[in-house]
Amino acid sequence: MTSPARWRRRGVARRLALTVIATAVGAAALTAIVVNVAFGARFEGYLDTQQHARVKQVVASLTADYRTAGGWRADSLDRLAAGLLMSGSTVTVQGADGRFVWSLAESGVDPATSAMHREMMGVPDLGPAVAVPVVVEGRPVGTATVQVPQAVSPTADLEFRDAVNQLLLLAAAGAAAAALLLGLLVARRTTRPLVELTEAADELAAGNRDRRARVSSDDEVGELARSFNAMADTVDREDELRQRFAADIAHELRTPLAILRGQLEAVQDGITHPDRRLIDSLHEESLRMGRLVADLETLADAGAAGFGLRCREVALRPLVTAALDGLAGHLAELELELVRRLDEVDVFADPVRISQVVTNLLTNAAIWTPPGGTITVTLARGPDGAEIAVADTGPGIPADEMPRVFDRFFRGAAAPSGGSGIGLAVAVELVRAHDGDITVDSRPGRGSRFLVRLPVNHITEPQRLHRIFMAPS
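Residues numbered from 1 in each chain as written. Predicted model: local features only at pLDDT ≥ 70, side-chain atom pairs only at ≥ 80, totals over all residues. Heavy atoms only, no water.

The protein is annotated in an unreviewed UniProt entry as histidine kinase of Pseudonocardia oceani.

Tallied over the full model, the rule gives two aromatic pairs. Measuring from centroid to centroid gives 4.9 Å for Tyr66 and Trp72, while their planes differ by 65°, and the two rings are edge-to-face. Trp72 matches Tyr66 in its accessibility class, with the two residues each being buried. With 6.0 Å between their ring centres and 85° between their planes, Phe406 and Phe450 make a pair best called edge-to-face. Taken together, the residues span a long stretch of sequence, with Phe406 in the loop between strand 9 (385–392) and helix 10 (423–433) and Phe450 in strand 11 (residues 448–454) at a distance of 44 residues. (Phe/Tyr/Trp six-rings, centres within 6.5 Å; stacked < 30°, edge-to-face > 60°. Buried < 20%, exposed > 50% of the residue type's maximum accessible area, 1.4 Å probe, protein only. Helix = DSSP H or I, 4+ residues; strand = E, 2+ residues; numbered from the N terminus.)

In this section: the environment of Thr378. Take Thr378: it is sitting in strand 8 (residues 374–382). Judged by relative accessible area, which is 24%, Thr378 ranks as partly exposed. Placed 37 residues apart in sequence, Thr378 and Arg341 show a C-alpha to C-alpha distance of 4.7 Å. Not counting chain neighbours up to four residues away, the residues in contact with Thr378 comprise Arg341, Leu342, Glu387, Ile388 and Ala389. (Contact = heavy atoms within 4.5 Å.)

Pairing in this open sheet of five strands is mixed, and the strands run 6-8-9-11-10 from one edge to the other. The open sheet has two edge strands with one neighbour each: strand 6 (337–342) and strand 10 (437–442). Each strand axis lies, on average, 15° off the axis of its neighbour in the sheet, ignoring direction. Pairing of strand 6 with strand 8, which is carried by six bridges, proceeds in the parallel orientation. Pairing of Val339 across the sheet is with Thr376, part of strand 8. Each of strand 6, strand 8 and strand 9 is contacted by helix 8 (residues 316–333), which is oriented at about 175° to strand 6, the strand it contacts most. Relative to the sheet, helix 9 (residues 351–368) contacts strand 6, strand 8, strand 9, strand 10 and strand 11, its axis offset from that of strand 9 by approximately 20°. (Pairing = 2+ DSSP bridges. Axes fitted to C-alpha atoms, helices over the stretch in contact; angles between N-to-C directions.)

This brings us to the nonpolar core. Counting 40 residues, the largest nonpolar core has Leu316, Ile375 and Ile388 as the members making the most contacts within it. Elements with a minimum of two residues in this core: helix 8, strand 7 (346–349), helix 9, strand 8, strand 9, helix 10, strand 10 and strand 11. Membership of the second largest hydrophobic core comes to 20 residues, among which are Val59, Trp72, Leu104 and Ala144. (Core = buried A, V, L, I, M, F, W, Y, C linked by side-chain atoms within 4.5 Å.)

Right, let's get into helix 8. Relative to the 26 Å expected for 18 residues at 1.5 Å per residue, helix 8 spans 26 Å between its end C-alpha atoms, a close match to the ideal helical length. Taken as a whole, helix 8 carries its principal kink of about 40° at Leu327. Among the residues making up helix 8, those that are buried are Leu316, Leu319, Val320, Ala323, Leu324, Leu327 and Leu331. Where helix 8 is buried, its residues touch strand 5 (312–315), strand 6, strand 7, helix 9, strand 8 and strand 9. Within two residues after helix 8, Glu335 carries a phi angle of roughly 60°, on the positive side. (Expected span 1.5 Å × (residues − 1). Bend = angle between axes of the 7 residues up to and from the residue.)

Encoded structure:
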């Protein structure tokens with residue numbers, strides 16, 4: 001049974017072959033038409049020239065007779081009758097005053113005899129009558145109405161035209177045969193990479209994620225195949241990241257759930273009493289789960305353009321200070337030193353989202369910084385706007401992981417537990433929504449420094465997030 005790809009290829013190949021054949025046959029037919037039209041015009045001009053020459057010859061004989069006789073004389077003109085009869089022509093002469101002078105019929109030649117003579121001599125039928133003035137020494141002396149036999153194409157000319165038409169017919173047949181072979185060859189070479197690309201796409205859609213298009217040409221089809229293979233690689237990478245992301249999220253949820261369940265079961269069994277310390281621990285685990293769920297919700301909304309910004313004039317120093325104060329106790333528990341270097345800077349932004357950016361960057365630094373380390377938060381006015389920097393003394397980021405730090409589903413190979421793995425992805429989305437940018441500078445063994453730049457001027461469209469979040473991160 002023919003596969004859909006094979007059927008499509010045959011359809012395309014058939015159309016390409018028919019197009020080439022039709023072009024070749026059409027060109028041959030057009031050539032034949034042009035040649036025949038040119039021959040026809042040439043033959044018609046040739047025949048007209050012949051007929052005019054015969055008319056001039058008759059008029060010349062009448063002019064010569066007028067000169068010889070010194071005027072129009074019927075007995076002198078009768079001597080021309082035999083020659084005119086042999087040529088199959090008929091003539092009527094009128095004087096300068098328009099009066100009848102002479103005609104072949106009045107010379108004693110029977111019209112029936114003249115017709116019989118033309119038939120015996122194979123002379124064609126007479127052409128249309130032509131009135132030609134007879135001029136002697138620049139003076140019109142009369143008018144001759146002449147009918148000469150119609151000119152016919154010479155047999156050699158007709159045979160030549162027939163031969164040319166036969167050659168054109170043979171050339172058209174040969175061109176059609178050559179076009180068929182060429183069309184099939186071109187169609188095969190053109191559709192082969194398309195079929196390969198289609199089959200690769202079908203197999204990839206059917207679940208064969210290792211399938212790639214085997215096309216190595218440098219034309220548009222080859223470029224399409226390379227783009228397809230790059231897309232397939234991206235899909236594989238995204239699938240792998242999603243699987244790791246799902247596993248990481250499951251792990252992050254399992255830990256606080258296990259703690260909550262274990263401590264609640266201990267209370268139920270009477271092993272532990274619900275004192276203040278236990279309640280604080282349970283509350284901390286619930287907050288941890290809440291932060292994880294909030295990050296997931298924010299990232300999902302960002303991918304679906306599900307919310308907009310509520311921007312206003314914001315003093316960043318109080319906002320950053322509040323975010324740092326909220327995490328100061330947690331950092332102290334982790335034995336981390338928090339250094340603040342905050343200047344007065346105002347921007348036009350959504351304070352809730354900017355606070356979330358600062359919190360996510362600070363949380364990320366806390367996860368990676370070992371006990372006894374330092375986290376430095378700097379707020380200053382830069383050349384292009386406000387700059388918020390969060391630097392840590394952690395292990396740094398490997399060079400091969402730097403390009404993927406802000407990917408939505410990426411976590412480093414040595415990522416410790418305690419983070420959701422999506423905080424940086426949320427932060428970069430929110431910063432870009434404010435027409436800002438976020439960069440990272442890191443070296444293994446020397447820590448990392450994340451820098452957020454926010455424009456000071458107003459965002460022209462408060463709901464810009466709807467547009468920006470639709471672009472790939």
